[in-house]
Amino acid sequence: MKFNFDSTEPLYLQVADQLEDAIFVATFVEGEQVPSTTEISKQFHINPATVLKGMNILVENGLIEKRRGLGMFVTHGAREKIQEKRRQEFYEQYVVNLVLEAQKLAINESTILEMVKRGFKIT
């Protein structure tokens, strides 16, 4: 995990984002315990309350769960929830804007699809 202490994004959101990303890329897998609030706060010199606030976002989103006396664990289906959320964000941030810009430029659907197919050939 890397935190940007100079960022305008609050640290608790950075904690939530980084833990979510670690779950998404399978650094932490379903059923596995994530580092404790104390471990993260000591390792990165962040207030434990800040870390807990970030972790609670993941609890609210059903990505991790608290097990009394044991710690926090990745829930089953967490990776799929993150993937679905990110797909929706991708649609809202990129596809909608792509279509709106294409309409302004009078680019039709078939031309956009051809452009996207051409883009996939690059990688």
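Residues numbered from 1 in each chain as written. Predicted model: local features only at pLDDT ≥ 70, side-chain atom pairs only at ≥ 80, totals over all residues. Heavy atoms only, no water.

Asker: Teacher, can you tell me more about the overall build of the chain here?
Answerer: Helix and strand content of the chain: five helices and two strands. For the chain, whose C-alpha radius of gyration is 19 Å, the value lies well above the compact-globule estimate of 14 Å for 123 residues. In terms of its C-alpha atoms, the chain occupies a principal-axis envelope of roughly 60 × 35 × 25 Å. Burial analysis of the chain (123 residues in total) assigns 26% to the buried set. Within the chain, contacts between residues separated by at least 24 positions form 51% of all contacts whose residues are at least 6 apart in sequence. Accessible surface, the chain: about 8700 Å² in total, of which carbon and sulfur atoms supply 55%. (Helix = DSSP H or I, 4+ residues; strand = E, 2+ residues; numbered from the N terminus. Rg over C-alpha atoms; globule rule 2.2 N^0.38 Å. Buried < 20%, exposed > 50% of the residue type's maximum accessible area, 1.4 Å probe, protein only. Contact = heavy atoms within 4.5 Å. Areas by Shrake-Rupley, 256 points an atom, 1.4 Å probe, with all protein chains shown as cover.)

Asker: Would you mind going over the pattern of salt bridges with me for this structure?
Answerer: Here the structure, examined in full by the defined rule, presents six salt bridges. With a closest N to O distance of 3.6 Å, glutamate 20 and arginine 86 form a salt bridge. One end of the pair, glutamate 20, is in helix α1 (residues 11–24); the other, arginine 86, is in helix α4 (residues 78–104), with 66 residues separating them in the sequence. Among the residues examined, arginine 86 registers a relative accessible area of 26% and is labelled partly exposed. Measuring nitrogen to oxygen at the nearest pair gives 3.9 Å for the salt bridge that ties glutamate 101 to lysine 104. Taken together, the residues span about one helical turn, with glutamate 101 and lysine 104 both in helix α4 at a distance of three residues. Judged by relative accessible area, glutamate 101 falls into the partly exposed class, the value being 38%. Salt bridges sharing partners connect three or more residues here, namely Glu20, Asp21, Lys85 and Arg86. (Salt bridge = Lys/Arg side-chain N within 4 Å of Asp/Glu carboxyl O.)

Asker: Would you mind showing me how to read the side chain of threonine 37 here?
Answerer: Locating threonine 37 in the fold gives a position in helix α2 (residues 37–44). Setting aside its immediate chain neighbours within four residues, threonine 37 contacts Pro48, Val51, Leu52 and Met55.

Asker: Got a minute to help me understand the packing of α1 against helix α3 (residues 48–60) in this structure?
Answerer: Each pair of packed helices can be described by the angle between their axes along with the distance between the axes. The interhelical angle for the contact between α1 and α3, taken along N-to-C directions, is 50°, at an axis separation of 7 Å. As far as their axial angle goes, α3 and α1 are oblique. α3 is crossed by α1, and the crossing has right-handed handedness. Facing α1, whose interface residues are Leu11, Tyr12, Leu13, Val15, Ala16, Leu19 and Glu20, α3 presents Thr50, Val51, Lys53, Gly54, Met55, Ile57 and Leu58. Looking at side-chain class alone, the contact of α1 with α3 contains ten nonpolar, two polar and two charged residues. (Axes fitted to C-alpha atoms, helices over the stretch in contact; angles between N-to-C directions. Parallel < 35°, antiparallel > 145°, perpendicular 65-115°, else oblique. Left-handed = near helix turned anticlockwise from the far one by under 90°. Nonpolar A, V, L, I, M, F, W, Y, C, P; charged D, E, K, R; others polar.)

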